[in-house]
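Structural overview for review
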2 protein chains.
Amino acid sequence: MAEIEEFFKSAFSVDNVIFGFDQVDLKVILIRRGASPFKDKWALPGDLVYPNEDLDVAAARVLAELVDLRGVYLEQVQAFGAVDRHPLGRVITVAYYSLIKIQDDVLHASSWAEVARWHSIQDALELDLAFDHRTILEACFERLQRRVKTQPVGFELLPVAFTLTELQQLYEAILGVPMDKRNFRKKILAMNILVDLNRLQEGVAHRPAKLYQFDPDRYEALTKDGFTFQI
Amino acid sequence: MAEIEEFFKSAFSVDNVIFGFDQVDLKVILIRRGASPFKDKWALPGDLVYPNEDLDVAAARVLAELVDLRGVYLEQVQAFGAVDRHPLGRVITVAYYSLIKIQDDVLHASSWAEVARWHSIQDALELDLAFDHRTILEACFERLQRRVKTQPVGFELLPVAFTLTELQQLYEAILGVPMDKRNFRKKILAMNILVDLNRLQEGVAHRPAKLYQFDPDRYEALTKDGFTFQI
DNA sequence: GCAAAAGTGTTTACAGTACACCCATGG
DNA sequence: CCATGGGTGTACTGTAAACACTTTTGC
């Protein structure tokens, strides 16, 4: 049986799986570690939680140190608490994932910037990551795959204005399955949660597609009436 | 910015929502607190995590101190980490829920026993619980409601041998909705995951019902073939 | 005029839903 | 013989799935 002081010799951290979509692949940000332990291994962005800082705030801070964006989707996945998961002491970590809109300048010019890189989810899952970060990454990816089927969170990964083909490609990239174009469009448009912007794509060497925008208010209203999003 | 030692002045705990089913109501175990803070309030069973103890093990220990059962379903839900959630210091808690088969002697003759009581989930959700335990209870209940629709975990709450009516009443109690008897039976039996035990109920003042048992091996095999459980 | 992706409907199959009566047992 | 819950089938409806061609634009 441990003395009460013993319980306070542990620390907690947050790790954040930051997802983005570059019109082709689902991607995550990894950090090349510059120090021991696991020097030179890729790792998830994370940090210890400050003593007077809420868990969610710590996760948002980790994100903000890497990425210059506001109002980003952030969801806790679960805690990882194996005794030996950190070689230097007892550290329980709480995993989060974020969904961001990739833009050219999205990776901050911070001290992290030079060691942070986007990796496709497939590549990242095959890397020998630091700590138990592979397990964490898998858990977060599976959570995203489930979430995206029943909640309208996919839009967080796309520009505000997007085409239906882009939306379909996003779902195909996340779920790893091809979808039927006509059925996909029928289903999404029937939900009545997209606004037709009456604008067209520009600069493409083919017939330009119509641009749409997700309407959160309409979604909320429908939800109150018993509607459930379902891909 | 805090000194590194500051990070180690926090503790973590686990709290466990233990669900049972008494053929009528979905129930949870609550503990009447005997000490400050929140003396005399109802609370979830929980404890600090030992320095050399895995999170999952700590949750199982909390359960084992209350209930005399082996091989119980246990699932982590999420961490709760608001700075002020514990009045005496920084304590992050990780919430779990367990599903157990209620038997007459299930509540241990431990020091806890005299302060531990089963409450119906409806009653428990209306109580003024200690700490943020109401939020935790809500999160665990919602998780159970979602889980039970797509995973065959309901059987953990029933005796090994059960009738289809008992199974239906369980789902109605968890989800809070009435179901159609014929459709429910059709759906469950079509899944082919139950074994007909060729035994009948005894001691009932009406036509005795057939007894069934869940077959985990058959479920596993079907799952590998793409079958998904769905209520 | 050619390459490239946008856009569009119909048919078919399956799963969900609604619904009412007879049966077996204990008391 | 009566009260209680057990057990069963069918018709209807709506959603998911399969599937191919025409249109618009840039070059």
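These notes cover the structure that comes with them.

Definitions and limits used
- Residues numbered from 1 in each chain as written.
- Chains lettered and ligands numbered in written order.
- Predicted model: local features only at pLDDT ≥ 70, side-chain atom pairs only at ≥ 80, totals over all residues.
- Heavy atoms only, no water.
- Helix = DSSP H or I, 4+ residues; strand = E, 2+ residues; numbered from the N terminus.
- Buried < 20%, exposed > 50% of the residue type's maximum accessible area, 1.4 Å probe, protein only.
- Contact = heavy atoms within 4.5 Å.
- Near = heavy atom within 4 Å.
- Polar contact = N/O pair within 3.5 Å; in protein donor to acceptor, adjacent residues only side chain to side chain.
- Nonpolar A, V, L, I, M, F, W, Y, C, P; charged D, E, K, R; others polar.
- 1 Å grid on protein atoms, 1.4 Å probe; cavity = no way out; pocket = protein on both sides within 12 Å on 5 of 7 lines; lining within 4 Å.
- Points joined across faces, edges and corners; volume = space filled by probe spheres on them.
- Phe/Tyr/Trp six-rings, centres within 6.5 Å; stacked < 30°, edge-to-face > 60°.
- Lys NZ or Arg CZ within 6 Å of the ring centre and 35° of its normal.
- Salt bridge = Lys/Arg side-chain N within 4 Å of Asp/Glu carboxyl O.
- Axes fitted to C-alpha atoms, helices over the stretch in contact; angles between N-to-C directions.
- Parallel < 35°, antiparallel > 145°, perpendicular 65-115°, else oblique.

A few points about the side chain of E53 of chain A
- With respect to the element layout, E53 of chain A can be found in the loop between β4 (46-48) and α1 (55-66).
- Judged by relative accessible area, which is 6%, E53 of chain A ranks as buried.
- Look past the residues within four positions of E53 of chain A in its chain and what remains in contact with it is L48, A58 and R61 of chain A together with G81, V83 and R90 of chain B.

Regarding the protein's contact with DNA strand D
- Taken together, 19 residues lie near DNA strand D, and R207 of chain A together with K181, K186, H206 and K210 of chain B sit nearest.
- Here K186 of chain B contributes a side-chain N or O atom positioned 2.9 Å from a base oxygen of DNA strand D.
- With 4 residues, helix α5 (residues 181-191) of chain B is the single largest residue contributor to the surface near DNA strand D.
- By residue class, the composition of the surface near DNA strand D is 5 nonpolar, 4 polar and 10 charged.

A word on the layout of surface pockets
- Within this model, the largest pocket holds a volume of roughly 1,300 Å³.
- Every residue lining the largest pocket is counted, 31 residues in all, and those nearest its centre are R146 and T150 of chain A together with R146, R147 and T150 of chain B.
- When contributions to the lining of the largest pocket are tallied by element, the ones reaching two or more residues are α3 (133-150) and α6 (216-224) of chain A together with α3 (133-150) of chain B.
- Classifying every residue of the lining of the largest pocket gives 9 nonpolar, 12 polar and 10 charged.
- Estimated volume of the second largest pocket: approximately 600 Å³.
- Around the second largest pocket sit 27 residues that line it, and R33, G46, D47, H86 and F131 of chain A are the ones nearest its centre.
- Breaking the lining of the second largest pocket down by element, the ones donating at least two residues are β1 (11-21), β2 (26-32) and β4 of chain A.
- Classifying every residue of the lining of the second largest pocket by side-chain character gives 15 nonpolar, 7 polar and 5 charged.

Description of the protein's contact with DNA strand C
- In the region of DNA strand C, 19 residues are neighbours, and K181, K186 and K210 of chain A together with N183 and P208 of chain B sit closest.
- Among the atoms of DNA strand C lying within 4 Å of the protein, the sugar-phosphate backbone contributes 40%.
- One of the side-chain nitrogen or oxygen atoms of K181 of chain A is found 2.7 Å away from a base nitrogen of DNA strand C.
- Between K186 of chain B and DNA strand C, the recorded distance is 3.4 Å, taken from a side-chain N or O atom to a base nitrogen.
- Those elements that place two or more of their residues in the surface near DNA strand C are α5 (181-191) of chain A together with α5 of chain B.
- For the surface near DNA strand C, the per-class residue count stands at 5 nonpolar, 4 polar and 10 charged.

Focus: the environment of L66 of chain A
- Within the element layout of this structure, L66 of chain A appears in helix α1.
- Along the backbone, L66 of chain A and L107 of chain A are 41 residues apart, and their C-alpha atoms lie at a distance of 6.0 Å.

Some words on the packing of aromatic side chains
- In this structure the tally under the stated criterion is 17 aromatic pairs over all chains.
- Aromatic side chains F19 of chain B and Y97 of chain B sit 5.9 Å apart centroid to centroid with 75 degrees between the ring planes, which places their arrangement in the edge-to-face category. You can see F19 of chain B sitting in strand β1 (residues 11-21) and its partner Y97 of chain B sitting in strand β6 (residues 91-99), a full 78 residues away along the chain.
- The exposure class assigned to F19 of chain B is buried, which follows from its relative accessible area of 0%.
- Given the relative accessible area of 0%, Y97 of chain B is considered buried.
- Consider the rings of Y219 of chain B and F227 of chain B, whose centres lie 6.2 Å apart with planes at 85 degrees: the pair is edge-to-face.
- Here the aromatic residues F155, F162, F214, Y219 and F227 of chain A are joined through ring pairs into a cluster of three or more.
- Cation over ring: R61 of chain A sits above Y50 of chain A, and NZ or CZ is 4.0 Å from the ring centre.

Some details on the pattern of salt bridges
- Enumeration according to the criterion identifies 26 salt bridges over all chains in this entry.
- The partner of D215 of chain B in a salt bridge is R218 of chain B, and the shortest N-O contact between them spans 3.7 Å.
- Given a relative accessible area of 16%, D215 of chain B falls into the buried group.
- Residue classification places R218 of chain B among the partly exposed positions, given a relative accessible area of 32%.
- Three or more residues joined by partner-sharing salt bridges are found here, namely D47, E53, R61 and E65 of chain A.

Description of the packing of helix α4 (residues 164-175) of chain A against α5 of chain A
All names here are of chain A.
- It is the contact of α4 with α5, at a shortest axis distance of 11 Å, that shows an interaxial angle of 105 degrees. Of the possible angle classes, the one that applies to α4 and α5 is roughly perpendicular. Facing L164, T165, L167, Q168 and Y171 of α4, the residues of α5 in contact are K181, F184, R185, I188 and L189.
- In terms of residue class, the contact of α4 with α5 is built from 6 nonpolar, 2 polar and 2 charged.

Description of unusual backbone geometry
- Cis peptide bonds are those with omega within 30 degrees of zero, and the linkage from S36 of chain A to P37 of chain A qualifies with -10 degrees.
- Mapped onto the secondary structure, P37 of chain A falls in the loop between β2 and β3 (42-43).
- Despite not being glycine, Q23 of chain A has its phi angle at roughly 80 degrees, a positive value.
- Summarising the element assignment, Q23 of chain A is placed in the loop between β1 and β2.
- At F38 of chain B, a position not held by glycine, the phi torsion is positive, near 65 degrees.
- Summarising the element assignment, F38 of chain B is placed in the loop between β2 (26-32) and β3 (42-43).
- According to the relative accessible area criterion, F38 of chain B is partly exposed, its value standing at 29%.

Function cannot be inferred from these measures alone, as they are strictly geometric.
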